Amino acid sequence: MSKANCPRLVLRSKRARALMALPFAISIPRDPPNSIMIAKELFNDLKLSVIATVGDVVSFNVATYWRRPDLRIIDLNTRRGTVVKHSDIDGIVYRVKNERSTLAYESFSILRSAYANVLSGNRVTVIVDGEEDLLAIPTVLEAPSNTGVLYGLYTGYLVLIPAVNEYKILMLKLLTLLDQDECETLCNCNSVNNYGWKNS
């Protein structure tokens, strides 16, 4: 299927969107800096080395209380509409348009390229025009196995997902909650069909 025929995935189901907001994987119910310190300990315990963050607040807190993420996905806003200024953006910057409650097709290939640059020693930022929340899915799916993906939930949890096959499969299972035609669109996207997860 061509890119033109697979432009985005849309979460229309309220139930599916609610499930995406559940704190699964490793959920840390603490405020920063305590949540960040716990995440740091977990990274060491799990022998993770690549930090990927999704969201402005989490990216800012990780950079402030730990170290700058290797990969961060931000939209320069918080849930309350507050503009977040990241004064330390350096390295390679990608931009992607991603409307609310959607996954842009190109986000998968952009994150694949982003991780390739991270593994080459670069720091990467993906700036989203729209909303970055659901980009946590391709951020996990495209990640090498030594990656920990961190994102925050409005309920107050900091969530850590180690990028191992079990969690990648869980992400794919969550996506089966999409409408049938949207699932077909997903199945025909090269990014999903090509998963051998060679880095896992």
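Residues numbered from 1 in each chain as written. Predicted model: local features only at pLDDT ≥ 70, side-chain atom pairs only at ≥ 80, totals over all residues. Heavy atoms only, no water.

Colleague: What am I meant to see in helix α3 (residues 56–65) here?
Modeller: Count 3.6 residues to each turn of an α-helix, and residues three or four apart come out pointing the same way. Regarding α3, the residues found buried are Asp56, Val58, Ser59, Asn61 and Val62. Those residues of α3 that are buried lie in contact with α2 (34–46), β3 (50–54), β4 (71–74), β8 (147–152) and β9 (158–162). (Buried < 20%, exposed > 50% of the residue type's maximum accessible area, 1.4 Å probe, protein only. Helix = DSSP H or I, 4+ residues; strand = E, 2+ residues; numbered from the N terminus. Contact = heavy atoms within 4.5 Å.)

Colleague: I would appreciate a short explanation of the sheet that holds β8 in the present structure.
Modeller: One key point about sheets: their strands pair by backbone hydrogen bonds, in either a parallel or an antiparallel sense. Strand order in the open sheet made by the seven strands is β2-β9-β8-β3-β4-β7-β5, with mixed pairing throughout. Where the open sheet ends on each side, the last strands, each with one partner, are β2 (26–28) and β5 (92–98). Each neighbouring strand pair of the sheet contributes to a mean axis angle of 20 degrees, computed without reference to strand direction. Here β5 pairs with strand β7 (residues 124–130) via seven bridges, running parallel. Directly across from Asn98, in β7, lies its bridge partner Gly130. Together, β3, β4, β8 and β9 form the strand contacts of α3, whose direction differs from that of β3 by roughly 145 degrees. Helix-sheet contacts for helix α4 (residues 105–119) involve β3, β4, β5, β7 and β8, and the interaxial angle to β5 is about 165 degrees. (Pairing = 2+ DSSP bridges. Axes fitted to C-alpha atoms, helices over the stretch in contact; angles between N-to-C directions.)

Colleague: Is there a simple way to think about the confidence of the model for the protein chain in this case?
Modeller: Atom-level detail of predicted coordinates should not be read off regions where pLDDT is low. Looking at the protein chain, the pLDDT average stands at 81 and 71% of residues meet or exceed 70. Averaged pLDDT values over the elements of the protein chain bottom out at 40 in helix α8 (residues 190–193) and peak at 98 in β3. Confidence over residues 1–6 falls short of pLDDT 50; this stretch has seven contacts with residues more than four positions distant or in other chains. pLDDT under 50 marks residues 188–200. Its contacts with residues more than four places away, or in other chains, come to 26 contacts. (pLDDT = per-residue confidence, 0-100.)

Colleague: Honestly, unusual backbone geometry in this entry has me stumped. Any pointers?
Modeller: Among all residues save glycine, negative phi is the norm, and among peptide bonds the norm is trans. Following Pro32, the chain continues to Pro33 via a peptide bond in cis, the omega torsion being 5 degrees. Within the secondary structure, Pro33 is located in the loop between β2 and α2. Backbone geometry at Lys47 places phi at a positive 60 degrees, although glycine is not the residue there. With respect to the helices and strands, Lys47 occurs in the loop between α2 and β3. Despite not being glycine, Leu76 has its phi angle at roughly 70 degrees, a positive value. Here Leu76 shows up in the loop between β4 and β5.

Colleague: What is the right way to read the pairing of β8 from this model?
Modeller: Walk down a regular strand and you will see the side chains alternate between the two sheet faces. Across the six residues that make up β8, a large majority, five, are buried. Pairing analysis gives five bridges linking β3 to β8, with the strands arranged parallel. Considered in β8, the bridge of Ala52 is made with Val149. As judged from the five bridges shared by β8 and β9, these two strands associate in the antiparallel manner.

Colleague: Sorry, what's going on with the environment of Ala63 here?
Modeller: Turning to its location among the elements, Ala63 is positioned in helix α3. Each C-alpha atom, one on Ala63 and one on Ile36, is 9.7 Å from the other, the two residues being 27 residues apart in sequence. Leave out the neighbours within four places in its chain, and Ala63 touches Arg68, Pro69 and Asp88.

Colleague: Got a minute to help me understand the side chain of Ser59 in this structure?
Modeller: Structurally, the position occupied by Ser59 is in helix α3. With a relative accessible area of 0%, Ser59 lands in the buried category. A distance of 2.7 Å separates polar atoms of two side chains, one belonging to Ser59 and the other to Thr53. (Polar contact = N/O pair within 3.5 Å; in protein donor to acceptor, adjacent residues only side chain to side chain.)

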